[in-house]
Amino acid sequence: MAAWRSLVLTLFPEMFPGPLGQSLAGKALDKGLWALDVLDIRDFARDKHRSVDDTPFGGGAGMVMRPDVVDAALGAAQETWARRAREDEGGSGGEAPVLYLSPRGRLLTQDRVRELAAGPGVTVLCGRYEGVDERVLEARDVQEVSVGDYILSGGETAALVLMDAVIRLLPGVMGNEASPGEESFGADAFEGLLEYPLYTRPAEWQGRKVPEVLSSGHHEKIRLWRQAQAEEITKRRRPDLWARYRKDKP
Ligand code: SAH
């Protein structure tokens, strides 16, 4: 099967793979468990100054990324996908969504991350300045995705967050196949809860002891303790998640 593929459109191509070239994601990239293409949006500027942005109609601060330039870049992305599908034996199957990282987008959740990991890949458009002309987002059926209710200076770091979350779920990427499931937002017994507290050696540190039950060797007691802790932490820190958990689990 063809690898999960990411195609990034950015004005700062040297930011990729960036941190995703390190550690588990980096090793997985070297092994071909996921693939990356980066297109420099500036290569699709048409004038001699290679300008990609202009002032906003209606006035106001900042600059807006031009629809013609972004459209040409998205067209090239589509061609790159077609070429990769011919190269990858059997193709990747299915069309990858075009995502624009944007604070106006649907908030990224672990469910969405799982969905993306199960698909053929993503094309991600990284905005800069005030953002992208609305018309090209409509014309190209772009889905907006936000990584949180705060404003970044550009879409690149948001794209890296999204890709990191997806890549660690791809088959063979995590050394320990069991670990992606059993953590905050994972799909298992603790689904929908924040993670219980973690401890490692030394058993006593600065006068603080590890909870006794964890050294008891009693798996059922440990499971129950972790479940109780996870519920307590979720209740206290994230009443929104707790309410949803209670609703889903009658
Ligand atoms: N004028 C915009 C902010 C633009 S920030 C507004 O007020 O909503 C510049 C770029 O950073 C955006 O085009 C987007 O690609 C990216 N960006 C900023 N915050 C983001 C977030 N929370 N999630 C995803 N992308 C974000």
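Check the entry above for the structure.
Quantities reported herein were computed from a predicted structural model and do not represent experimental measurements.

Enquirer: Just give me the short version of the packing of aromatic side chains, but keep the residues and values in it.
Expert: Counted by the stated rule, this structure contains two aromatic pairs. Aromatic pair Trp242 and Tyr245: ring centres 5.5 Å apart, planes at 25°, arrangement stacked. Within this pair, Trp242 and its partner Tyr245 are both found in helix α7 (residues 239–248), separated by three residues, close to a single helical turn. Per residue, the accessibility class of Trp242 equals that of Tyr245, and both read buried.

Enquirer: Requested: an account of the pattern of salt bridges, with residues and values cited.
Expert: Here the structure, examined in full by the defined rule, presents 16 salt bridges. Among the salt bridges present, the one from Glu87 reaches Arg84, with a minimum N-O distance of 2.8 Å. Here the residue Glu87 and the residue Arg84 both occupy positions in helix α2 (residues 67–87), the gap between them amounting to three residues, near one helical turn. Accessibility expressed as a relative area gives 44% for Glu87, which makes it partly exposed. With a shortest N-O distance of 3.8 Å, Glu191 and Arg114 are connected by a salt bridge.

Enquirer: Describe in detail the site of the ligand, supporting the description with residues and values.
Expert: If you check the shell around the ligand, you find 19 residues, and the closest are Tyr100, Leu101, Glu130, Gly148 and Tyr150. In this structure, Leu101 approaches the ligand through a main-chain N or O atom, which is 2.6 Å from an oxygen atom. Within the backbone of Ser102, one N or O atom sits 3.2 Å away from a nitrogen atom of the ligand. Across the complex, the protein chains shield 85% of the 560 Å² of accessible surface that the ligand would expose by itself. One can see that the ligand is located within the second largest pocket. Secondary structure elements with two or more residues in the shell around the ligand: β5 (98–107), β7 (143–146) and α5 (155–167).

Enquirer: Mind laying out the side chain of Ser6, listing which residues take part and the relevant values?
Expert: In this structure, Ser6 sits in strand β1 (residues 4–10). For Ser6, a relative accessible area of 0% corresponds to the buried category. Leaving out residues up to four positions away in the same chain, Ser6 has contacts with Trp34, Ala35, Leu36, Asp37, Val122 and Met163.

Enquirer: How would you sum up the layout of surface pockets? Please name residues and give values.
Expert: Looking at the second largest pocket, its volume works out to about 390 Å³. What lines the second largest pocket is a set of 24 residues, and nearest its centre among them are Tyr100, Leu101, Ser102, Pro103 and Glu130. Listed by contribution, the elements that provide at least two residues to the lining of the second largest pocket are β5, α4 (134–139), β7 and α5. If one sorts the elements of the lining of the second largest pocket by residue count, β5 sits on top with five residues. Residues of the lining of the second largest pocket, tallied by class, amount to 12 nonpolar, eight polar and four charged.

Criteria and cut-off values
- Residues numbered from 1 in each chain as written.
- Predicted model: local features only at pLDDT ≥ 70, side-chain atom pairs only at ≥ 80, totals over all residues.
- Heavy atoms only, no water.
- Phe/Tyr/Trp six-rings, centres within 6.5 Å; stacked < 30°, edge-to-face > 60°.
- Helix = DSSP H or I, 4+ residues; strand = E, 2+ residues; numbered from the N terminus.
- Buried < 20%, exposed > 50% of the residue type's maximum accessible area, 1.4 Å probe, protein only.
- Salt bridge = Lys/Arg side-chain N within 4 Å of Asp/Glu carboxyl O.
- Near = heavy atom within 4 Å.
- Polar contact = N/O pair within 3.5 Å; in protein donor to acceptor, adjacent residues only side chain to side chain.
- Areas by Shrake-Rupley, 256 points an atom, 1.4 Å probe, with all protein chains shown as cover.
- 1 Å grid on protein atoms, 1.4 Å probe; cavity = no way out; pocket = protein on both sides within 12 Å on 5 of 7 lines; lining within 4 Å.
- Sits in = over half its atoms within 2 Å of the grid points.
- Contact = heavy atoms within 4.5 Å.
- Points joined across faces, edges and corners; volume = space filled by probe spheres on them.
- Nonpolar A, V, L, I, M, F, W, Y, C, P; charged D, E, K, R; others polar.

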